[in-house]
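Tertiary structure, described
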Amino acid sequence: MSKLCKNYLSFTFLIMLIGWGLCLLCSFNGNSLNENKWMFVPYLLGGLSPTIGSYLSLKRNNEVNDMKEWLKNIFDYRHNILSYILVVVLVLIYILPRCIISGYENGAPVFAVIFMIPMMLFGGGLEEAGWRYIFQPELEKKYSFTVSTVIVSVIWWLWHLPLFHILGTAQYGQNYFAFGLNVLGLSFALASIRKSTGSVWLCVLFHCMINSLSGIYIIHDNIWGNVTAAAVLIICSYALVKINGRKKIFH
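It is worth spelling out the environment of K142 at this point. Position of K142 relative to the elements: it lies in the loop between helix 7 (131-140) and helix 8 (145-160). Using a relative accessible area of 57% as the deciding quantity, one classes K142 as exposed. Through-space distance from the C-alpha of K142 to that of A191 is 15 Å; in sequence the pair is 49 residues apart.

Here you go:
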């Protein structure tokens, strides 16, 4: 593992443990995130740990000169329309099988997605400044696409663990292993977007859309829906990488 990867993981997990560790201590004492709004400060710090870790590690390794360059690399929005269509299709491939197999309840109105996607930059999307900007491509320098993606998915899954024990989070009380299947499928989808388009921004957009739609369609906790969605995403990801490797459709 490269020095950049090690620095990135060290910063990310240290910041996460500080932020979510404080939330865990409060939760163990019966304090809920919903009832204690001040807890959102360390909660947000933990959630932004991959983003903060990204800048700190890139700066430390002289990979970026300043924050302006770092932001420019993340928000690389100039891509052809097919790249944006690809993101939407992969989002639907993830959402539809889970809705059909697991069932769902209506949450926020559908039009709310317009407002939720920008909000989800700070609710998950900017994690991609680390996982797919740094970690995935760095691993692919040494390992295959498959091995790299599995490594990223396992570490990403472990990073989420504290959320399942903090009172008031969306993950509290959910099936952590079923969530792991989601993470595996999403990791392959995001890795294929990164590899096919070379874009961090499209990974950010995909992540924002997934999290936004999860607030609109509240899908029941069912492992078979997760298995199906993950399997379909993985198959589509391999097909996407193979096709784009030949024709370079999305560059």
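Structure shown, so let's carry the discussion forward.
Right, let's get into unusual backbone geometry. Residue N62 is not a glycine yet carries a positive backbone phi of 60 degrees. For N62, the location among the structural elements is in the loop between helix 3 (49-60) and helix 4 (67-74). Take N62: its relative accessible area is 67%, and that puts it in the exposed class.

The relative placement of two packed helices is expressed as an angle between their axes plus a distance between the axes. Where helix 7 contacts helix 8, the axes come no closer than 8 Å and their chain directions differ by 140 degrees. Considering their axes alone, helix 7 and helix 8 lie oblique with respect to each other. Relative to helix 8, the crossing made by helix 7 is right-handed. Facing W131, R132, F135, Q136, L139 and E140 of helix 7, the residues of helix 8 in contact are F145, S148, T149, I151, V152, I155, W156 and W159. Each residue belonging to the contact of helix 7 with helix 8 can be placed in one class, and the counts come to 9 nonpolar, 3 polar and 2 charged.

Considering all chains together, one arrives at 17 aromatic pairs under this definition. Measuring from ring centre to ring centre gives 4.7 Å for W20 and W159, while their planes differ by 50 degrees; the resulting arrangement is tilted. Linking W20 in helix 1 (residues 3-28) with W159 in helix 8, this pair joins segments that are 139 residues apart in sequence. For W20, a relative accessible area of 2% corresponds to the buried category. An aromatic cluster is present here, built from Y8, W20, W131, F135 and W159 joined pairwise through their rings.

Before going further, it helps to examine the nonpolar core. Ranked by internal contacts, the top residues of the largest apolar core, which has 68 residues, are F135 and F206. Leave out the neighbours within four places in its chain, and F135 touches M1, C5, Y8, L9, G130, I151, V152 and I155. Formed by 5 residues, the second largest nonpolar core is a distinct cluster that contains F145, F188, A191 and V241.

All right, on to the pattern of salt bridges then. The full count for this structure, using the stated rule, is 3 salt bridges. For K141, the salt bridge goes to E138, with nearest N and O atoms at 2.7 Å. A salt bridge links E140 to K195; its shortest N-O distance comes to 2.9 Å. Highlighted residues: E140 in helix 7 and K195 in helix 9 (residues 176-197), separated in sequence by 55 residues. Taking relative accessible area as the criterion, K195 reaches 40% and is therefore assigned partly exposed.

So, about the side chain of R194. With respect to the helices and strands, R194 occurs in helix 9. For R194, the residues in contact, after removing those within four places along its chain, are R132, Y133, P137, S199, V200 and C203.

Right, let's get into the side chain of T149. Residue placement: T149 occurs in helix 8. Note on T149: relative accessible area 0%, which makes it buried. At a separation of 3.1 Å, a polar atom in the side chain of T149 contacts the side chain of Q136. A polar contact is formed between the side chain of T149 and the backbone oxygen of F145, at a distance of 2.7 Å.

Cut-offs and rules
Residues numbered from 1 in each chain as written. Predicted model: local features only at pLDDT ≥ 70, side-chain atom pairs only at ≥ 80, totals over all residues. Heavy atoms only, no water. Helix = DSSP H or I, 4+ residues; strand = E, 2+ residues; numbered from the N terminus. Buried < 20%, exposed > 50% of the residue type's maximum accessible area, 1.4 Å probe, protein only. Axes fitted to C-alpha atoms, helices over the stretch in contact; angles between N-to-C directions. Parallel < 35°, antiparallel > 145°, perpendicular 65-115°, else oblique. Left-handed = near helix turned anticlockwise from the far one by under 90°. Contact = heavy atoms within 4.5 Å. Nonpolar A, V, L, I, M, F, W, Y, C, P; charged D, E, K, R; others polar. Phe/Tyr/Trp six-rings, centres within 6.5 Å; stacked < 30°, edge-to-face > 60°. Core = buried A, V, L, I, M, F, W, Y, C linked by side-chain atoms within 4.5 Å. Salt bridge = Lys/Arg side-chain N within 4 Å of Asp/Glu carboxyl O. Polar contact = N/O pair within 3.5 Å; in protein donor to acceptor, adjacent residues only side chain to side chain.

This is a description of form; function is not addressed.
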